[in-house]
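# Structure assessment
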Amino acid sequence: MWFSVVKDRIRMSSTVSNPQGVLQPGGYGGHDSRSNSTSGSFVGPESESNENEEAELVSVSWNQDSSCFAAGTSHGFRIYNCEPFKETFRRELKNGGFKIVEMLFRSNILALVGGGPNSQYPSNKVLIWDDHQSRCISEFAFRSEIRSVKLRRDRIVVVLEHKIYVYNFMDLRLLHQIETQANPRGLCCLSHHSNTSVLACPGLHRGEIRVEHFGLNMVQIINAHDSSIACMTLTLDGLLLATASTKGTLIRIFNTMDGTRLQEVRRGVDRADIYSIALSPNVQWLAVSSVKGTVHIFSLRVRVVGEDSHSTENAALLTQHTYSNSLQGLVSPTTGTNPGSSLSFMRGVLPKYFSSEWSYAQFHVSEVTQFFAAFGSHNTVAIIGMDGSFYRCSFDPVNGGEMGQLEYFHFLKTDNRTQ
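Residues numbered from 1 in each chain as written. Predicted model: local features only at pLDDT ≥ 70, side-chain atom pairs only at ≥ 80, totals over all residues. Heavy atoms only, no water.

## Focus: the overall build of the chain
- Secondary structure assignment for the chain yields one helix and 30 strands.
- The 419 residues of the chain split such that 56% are buried.
- Here the analysis covers contacts within the chain between residues at least 6 apart in sequence; of these, 50% occur between residues at least 24 apart.
- Working note: accessible area of the chain is about 17,700 Å², and carbon and sulfur atoms make up 46% of it. (Helix = DSSP H or I, 4+ residues; strand = E, 2+ residues; numbered from the N terminus. Buried < 20%, exposed > 50% of the residue type's maximum accessible area, 1.4 Å probe, protein only. Contact = heavy atoms within 4.5 Å. Areas by Shrake-Rupley, 256 points an atom, 1.4 Å probe, with all protein chains shown as cover.)

## Looking at unusual backbone geometry
- Of the consecutive residues glutamate 83 and proline 84, the connecting peptide bond is found in the cis state with omega at -5°.
- Within the secondary structure layout, proline 84 lies in the loop between strand 4 (76–81) and strand 5 (86–92).
- Here the phi dihedral of serine 66 falls at roughly 60°; this positive angle occurs in a residue that is not glycine.
- Its location among the elements puts serine 66 in the loop between strand 2 (57–62) and strand 3 (68–73).
- A positive phi angle, close to 60°, is found at asparagine 118, a residue other than glycine.
- Along the chain, asparagine 118 turns up in the loop between strand 7 (109–114) and strand 8 (125–130).

## A word on the environment of leucine 250
- Within the element layout of this structure, leucine 250 appears in strand 20 (residues 250–255).
- In this structure, the C-alpha to C-alpha distance between leucine 250 and histidine 225, residues 25 residues apart in sequence, is 9.2 Å.

## Focus: the sheet that holds strand 26 (residues 371–375)
- With antiparallel pairing, the four strands of this open sheet are ordered in space as 26-27-28-30. Whereas interior strands pair on both sides, the edge strands pair on one side only; in this sheet they are strand 26 and strand 30 (404–410). In this sheet, adjacent strand axes meet at a mean angle of 20° when their direction is disregarded.
- Bridge analysis of strand 27 (residues 380–385) against strand 28 (residues 389–394) gives five bridges, and the strand direction is antiparallel. (Pairing = 2+ DSSP bridges. Axes fitted to C-alpha atoms, helices over the stretch in contact; angles between N-to-C directions.)

## Observations concerning the nonpolar core
- Judged by nonpolar contacts, the single largest core of 21 residues is most densely connected at Val126, Phe142, Ile146 and Ile156.
- Listed by contribution, the elements that provide at least two residues to this core are strand 7, strand 8, strand 9 (135–141), strand 10 (148–152), strand 11 (155–159) and strand 12 (163–168).
- No other element matches strand 7, which puts three residues into this core.
- Discounting residues that sit within four places of it in the chain, isoleucine 146 has contacts with Lys99, Ile100, Val113, Ser123, Asn124, Lys125, Val126, Val158, Val159 and Leu160.
- If you look at the next biggest cluster of nonpolar residues, it comprises 18 residues, including Trp285, Tyr360, Ala361 and Phe363. (Core = buried A, V, L, I, M, F, W, Y, C linked by side-chain atoms within 4.5 Å.)

## A short note on the pairing of strand 2
- The buried count for strand 2 comes to five of six residues, which makes it a mostly enclosed element.
- Looking at chain direction, strand 2 and strand 3 are connected through five bridges and run antiparallel. When the bridges of strand 3 are listed, leucine 57 appears paired with threonine 73.
- A loop of five residues connects strand 2 with strand 3, the two strands running antiparallel in sequence, and serine 66 in this loop sits at a positive phi of about 60°.

## Some words on the sheet that holds strand 12
- On the basis of which strands lie adjacent, the open sheet formed by four strands has the order 10-11-12-13 and antiparallel pairing. In the strand order of this sheet, the two ends are held by strand 10 and strand 13 (174–179), each with one partner. The sheet shows a mean angle of 15° between the axes of neighbouring strands, taken without regard to direction.
- Where strand 11 meets strand 12, five bridges bridge the pair, whose relative direction is antiparallel. Each bridged residue has a counterpart across the sheet, and for arginine 155 the counterpart in strand 12 is asparagine 168.

## Considering the packing of aromatic side chains
- Taken as a whole and assessed by the stated rule, the structure comprises 23 aromatic pairs.
- Summarising the aromatic geometry, the rings of tryptophan 62 and phenylalanine 69 are spaced 5.9 Å apart at their centres and angled 70° between planes, so their arrangement reads as edge-to-face.
- Ring geometry for phenylalanine 69 and phenylalanine 85: centres 6.5 Å apart, planes at 25°, overall stacked. Within this pair, whereas phenylalanine 69 is found in strand 3, its partner phenylalanine 85 is found in the loop between strand 4 and strand 5, the two being separated by 16 residues in sequence.
- Through successive ring pairs, a cluster of aromatic residues spans Trp62, Phe69, Tyr80, Phe85, Phe390, Phe409 and Phe411. (Phe/Tyr/Trp six-rings, centres within 6.5 Å; stacked < 30°, edge-to-face > 60°.)

## Description of the pattern of salt bridges
- Evaluation of the coordinates by the stated rule reveals 18 salt bridges.
- Lysine 125 is the partner of glutamate 139 in a salt bridge, and the nearest nitrogen-oxygen pair spans 3.2 Å. Linking glutamate 139 in strand 9 with lysine 125 in strand 8, this pair joins segments that are 14 residues apart in sequence. Comparing glutamate 139 with lysine 125, the two get one shared label, buried.
- One continuous salt-bridge network, built from bridges that share partners, spans Arg78, Glu87, Arg90 and Glu92. (Salt bridge = Lys/Arg side-chain N within 4 Å of Asp/Glu carboxyl O.)

## Examining the pairing of strand 19 (residues 240–245)
- Taken across its six residues, strand 19 has six buried, putting it largely inside the fold.
- Here strand 19 shows two buried faces, one formed by Leu240, Ala242 and Ala244 and the other by Leu241, Thr243 and Ser245.
- Judged from the five bridges that link them, strand 18 (residues 229–234) and strand 19 form a sheet pairing that is antiparallel. The residue of strand 19 that forms the bridge with threonine 233 is alanine 242.
- Where strand 19 and strand 20 come together, five bridges link them in antiparallel fashion.

Encoded structure:
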């Protein structure tokens, strides 16, 4: 079994209903709403398509700890384990596929949004699927297209182009509504430690990020970039935020408690679309992938609060006081140091480019498709591509340089299913 079963995680209430009636496939409801009725809109897994038909890849996404990833296809979805690499599960459906397949760690709960060639599942409805029960246990229907869905153990977050809805996982009660600038990428990230509840998303102005510390009832606005935000990620405890803009030359690290910029690294000189940013669990390393076809690894100089990178809300309050008074406690040397220009001693005289921190290690992939990177164990990085590629490579934490390839699979065409 690929998942850990979540039992009695959601207790459905008869009061949860759609005032406009159940949204049928292919249509849009008149109001933002939710419903716990499947009403035949989700074709069960017993309605399987022909597995001999070659599936087209629609989307890929990591789970919260990057130990697995989900692939949305034109015929359904598949789940893959990273270490060791193995296809662990798939659903092949007659009615098309999904553009969003959001996992909840390794549990049986998935959030699905229709999309891709000839999909009959609407792009404005979130289906909460319990694979242990083999049924859809709830639906959230909206007037506009869903850009992304994020899950944590106690929250469901639905991202539309101009608004974010935050629901309680247990009873599906709407807790928060957040207005954003136009957000076609569906940018939003969550903390995943049980003692911190942090959400980061675009603000109302270009280059601005809004950080919600729900447990502290606090909002922090960070003016991260001059250009629009292209990519972002949080540490598991939500205390550090990494961002890139649509310019794609610089990646910045911020303290989410007071908005202080802690470090800035340079991907390159030319503009580039950033596809992914990942922070290692020990917060020593940062990985960035872009349209340029290189995955960059940077060394971080930020101090980790707590032995396992986690902290409580009380620790966060203490951290807020410490961070607001001094940056010295946050910045510390790591195993390696990012290379800089030989002219960095002329900082303040030459343009900022010459004092930049450059990547510590690199791995080259194709420039013709999107790739998304995440950290594995023992100084390894996993990379998944929209061409069906999976790479696992390693980097030298002391000397850096070109990363070594450990594994490669074409996960759509290679039969790596669990026996």
